Amino acid sequence: MIDTTTFSGTKALFHTFGCKLNFAETSTVARLLGEEGVRRVQRGETPDIIVVNTCSVTELADKKCRQAIRGFARRYPDAAIVVTGCYAQLKSAEVAALPGVKIVAGTNQKLMLVDYIRSWMADRTARLDVTPSAELREFVPSCSRGDRTRYFLKVQDGCDYWCSYCTIPRARGRSRSGSISSLVEQAREVAREGGKEIVITGVNIGDFGKGTSETFLDLIRALDDVEGIERYRISSIEPNLLTEEIIRFVATSKRFMPHFHVPLQSGSDKVLALMRRHYDTSHFREKMEMIRRYIPDAFIGVDLIVGARGETPEEFETSRSFVESLPISRLHVFTYSERPGTRALDIDYIVDPAEKHRRTRIMLAISEQKLADFTRRFLGTVRPVLLEHPNKGKTMSGFTDNYLRVNLSAPAELDNHIVPVALDIMIDDSEEITGTLQTDTK
Ligand code: SF4
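Model, not experiment: these values are computed from the prediction.

The phi dihedral of Arg-124 falls on the positive side, at around 55°, and the residue is not glycine. Take Arg-124: it is sitting in the loop between α5 (113–123) and β6 (127–129). We note that Trp-162 has phi near 50°; this positive angle belongs to a residue other than glycine.

Laid out in structure tokens, this is it:
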């Protein structure tokens with residue numbers, strides 16, 4: 001029997017789409033509901049509430065969210081479906097019309113979900129509350145504490161860049177960030193909980209502190225002093241905001257890992273200009289070579305969009321040979337998808353779907369080769385690995401400092417411990433390595 005005023009006995013299912021930021025926010029919502037007596041649904045149980053945190057980075061992302069919501073409504077007809085995230089922010093009326101949806105909350109209403117759900121349970125009041133994107137000014141903190149070995153700490157939100165293919169500025173609003181003191185306090189909280197690794201995340205995190213006297217470099221310097229946290233990773237940073245000071249700091253820091261994720265999006269200057277990106281290919285190469293100079297073993301992941309408007313066969317070829325020549329570890333390849341309301345729709349040249357997929361396969365093959373070459377460099381060496389509790393029956397696994405995933409046999413009590421591991425062999429057709437524990441805890 002559910003007590004409609006106190007939530008006790010209420011069971012909730014949480015489903016998150018998209019980026020690390022969304023995972024941090026869902027985890028915060030789950031924790032707040034947990035403090036009110038709502039517990040996560042266990043396998044085989046029927047949820048009373050289903051919270052879906054959506055993504056809208058592509059048309060396909062919207063479609064997947066709709067499919068999931070319809071699926072939940074069919075499977076759990078009595079559950080109240082609560083939808084938030086970028087798809088809810090951008091298309092709230094469309095979302096509200098989906099079956100089973102009782103509450104639709106925008107980007108800045110995520111932390112009000114506790115109250116909305118309480119009033120829903122009290123009097124079945126459906127709710128749609130979305131602050132117009134242009135008015136999104138408040139920074140809402142989030143940290144995915146207790147959900148995983150690796151914590152996601154939200155340090156910044158929104159974006160002022162308006163790249164021609166992107167809807168995120170409309171979904172997440174203007175660039176804004178938390179204060180260094182509040183973020184350091186959240187990192188201390190993670191340390192108190194026994195957390196070892198924090199991934200700092202946001203939409204355009206290099207823009208941290210915009211409009212204030214604080215900078216991204218100040219932030220990572222302050223976080224580096226938090227006792228108890230052994231590792232930080234910078235989730236993704238724009239190349240024009242990745243300064244030499246930041247790279248040098250990571251190179252000398254004890255806690256910031258040799259791991260960078262930098263969006264390139266195209267290896268053609270013509271296409272970069274059409275995308276309204278804030279750098280060109282020579283600027284980008286300079287940053288990649290700078291990382292290699294300061295941190296030769298760093299893992300460098302690079303985002304690339306394939307088949308964007310304006311990417312003629314010649315520009316694709318330029319992009320392919322540029323990417324192939326970069327000293328990076330892997331590509332994150334995205335096939336361009338048309339987004340309503342974006343400036344990219346004013347660009348005449350369109351790549352047909354079959355050609356887009358052919359180009360995507362070419363870039364994925366380049367990425368596979370780069371990752372294999374990068375991984376091979378470290379076979380036979382010993383690197384520190386943060387061990388993560390294994391999935392059912394699987395061996396222990398974890399990431400090295402420079403972001404290589406390793407599988408190894410190790411006692412379960414070493415979960416969430418950083419241990420030296422010999423990197424033995426690369427597992428065929430996979431991005432993983434098998435390793436051997438190098439400690440006297442054998
Ligand atoms: S930097 Fe560009 S691609 Fe990234 S979120 Fe901002 S507008 Fe979108």
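In this section: the nonpolar core. Judged by nonpolar contacts, the single largest core of 66 residues is most densely connected at Ile-200 and Phe-216. With residues up to four places along the chain from it excluded, the contact list for Ile-200 reads Leu-153, Val-155, Ile-205, Phe-216, Ile-220, Leu-223, Arg-233, Ile-234, Ser-235 and Phe-256. The next biggest cluster of nonpolar side chains, apart from the first, holds 22 residues, and it includes Cys-55, Val-83, Ala-88 and Leu-98.

Further remarks concern the site of the ligand. Taken together, Cys-159, Tyr-161, Trp-162, Cys-163, Tyr-165, Cys-166, Ile-168, Pro-169, Val-203, Glu-238 and Arg-277 make up the full set of residues near the ligand. Within the shell around the ligand, the residues separate by chemical class into nine nonpolar, no polar and two charged.

This part is about helix α7 (residues 180–192). With 13 residues, α7 extends 18 Å between its outermost C-alpha atoms, agreeing within 8% with the 18 Å of an ideal straight helix rising 1.5 Å per residue. Listed in full, the buried residues belonging to α7 are Ile-180, Leu-183, Val-184, Gln-186, Ala-187 and Val-190. Viewed end-on, α7 has its buried residues packed into an arc of 155°, placing them on one side of the element. What points out from α7, more than 90 degrees from its buried face, is the exposed set Ser-181 and Arg-192.

Scanning all chains against the criterion turns up seven aromatic pairs. With centroids separated by 5.7 Å and ring planes inclined at 65°, the aromatic side chains of Phe-249 and Phe-256 adopt a geometry described as edge-to-face. No difference in accessibility class separates Phe-249 from Phe-256, as the two residues are buried. Each residue in the set Phe-299, Phe-374, Phe-378, Phe-399 and Tyr-403 is aromatic and connected to the rest through ring pairs, giving one cluster. Sitting over the ring of Phe-139, Lys-154 keeps its end group 5.3 Å from the ring centre.

Here we come to the packing of helix α12 (residues 313–324) against helix α13 (residues 353–376). Across the interface, α12 lies against α13 with an axial gap of 11 Å and an inter-helix angle of 10°. Considering their axes alone, α12 and α13 lie roughly parallel with respect to each other. Where α12 approaches α13, its residues Pro-313, Phe-316, Ser-319, Arg-320, Val-323 and Glu-324 are matched on the opposing element by Arg-358, Arg-359, Ile-362, Met-363, Ile-366 and Lys-370. In terms of residue class, the contact of α12 with α13 is built from six nonpolar, one polar and five charged.

Covered by surrounding structure in strand β11 (residues 231–234) are Arg-231 and Arg-233 together with Tyr-232 and Ile-234, the residues of both alternating faces. Relative to β11, strand β10 (residues 197–201) is paired through four bridges, and the arrangement is parallel. By the bridge assignment for β11, Ile-198 is matched with Tyr-232. Taken together, β10, helix α8 (residues 216–224) and β11 constitute a β-α-β crossover, and its handedness is right-handed.

One open sheet accounts for three strands, arranged β12-β13-β14; its pairing is parallel. Whereas interior strands pair on both sides, the edge strands pair on one side only; in this sheet they are β12 (259–265) and β14 (330–335). Across the sheet, the axes of successive neighbouring strands diverge by a mean angle of 20°, strand direction being ignored. Sheet topology note: the strand β13 (residues 299–306)/β14 ladder contains six bridges and is parallel. Bridge pairing links Val-302 to Leu-331 in β14. Of the strands in this sheet, β13 and β14 touch α13, which is tilted by about 165° from β14.

Moving on: the sheet that holds strand β15 (residues 382–388). Sheet architecture is closed into a barrel: five strands sit in the order β15-β16-β17-β19-β18, paired in mixed fashion. Going from strand to strand, the sheet's axes swing by 50° on average, the running direction of each strand aside. One ladder, built from five bridges, connects strand β18 (residues 418–426) with strand β19 (residues 432–437); its direction is antiparallel. Its bridge partner lying in β19, Met-426 is registered against Ile-433.

What follows concerns α8. Every buried residue belonging to α8 is among Phe-216, Leu-217, Leu-219, Ile-220, Leu-223 and Asp-224, and all of these are buried. Down the axis of α8, the buried side of the element spans an arc of 160°, and every buried residue falls inside it. Those residues of α8 hidden inside the fold are in contact with α7, β10, β11 and α9 (244–252).

Analysis parameters
- Residues numbered from 1 in each chain as written.
- Predicted model: local features only at pLDDT ≥ 70, side-chain atom pairs only at ≥ 80, totals over all residues.
- Heavy atoms only, no water.
- Helix = DSSP H or I, 4+ residues; strand = E, 2+ residues; numbered from the N terminus.
- Core = buried A, V, L, I, M, F, W, Y, C linked by side-chain atoms within 4.5 Å.
- Buried < 20%, exposed > 50% of the residue type's maximum accessible area, 1.4 Å probe, protein only.
- Contact = heavy atoms within 4.5 Å.
- Near = heavy atom within 4 Å.
- Nonpolar A, V, L, I, M, F, W, Y, C, P; charged D, E, K, R; others polar.
- Expected span 1.5 Å × (residues − 1).
- Arc of directions from axis to C-beta.
- Phe/Tyr/Trp six-rings, centres within 6.5 Å; stacked < 30°, edge-to-face > 60°.
- Lys NZ or Arg CZ within 6 Å of the ring centre and 35° of its normal.
- Axes fitted to C-alpha atoms, helices over the stretch in contact; angles between N-to-C directions.
- Parallel < 35°, antiparallel > 145°, perpendicular 65-115°, else oblique.
- Pairing = 2+ DSSP bridges.
- Right-handed = clockwise from strand over helix to strand, strands pointing away.

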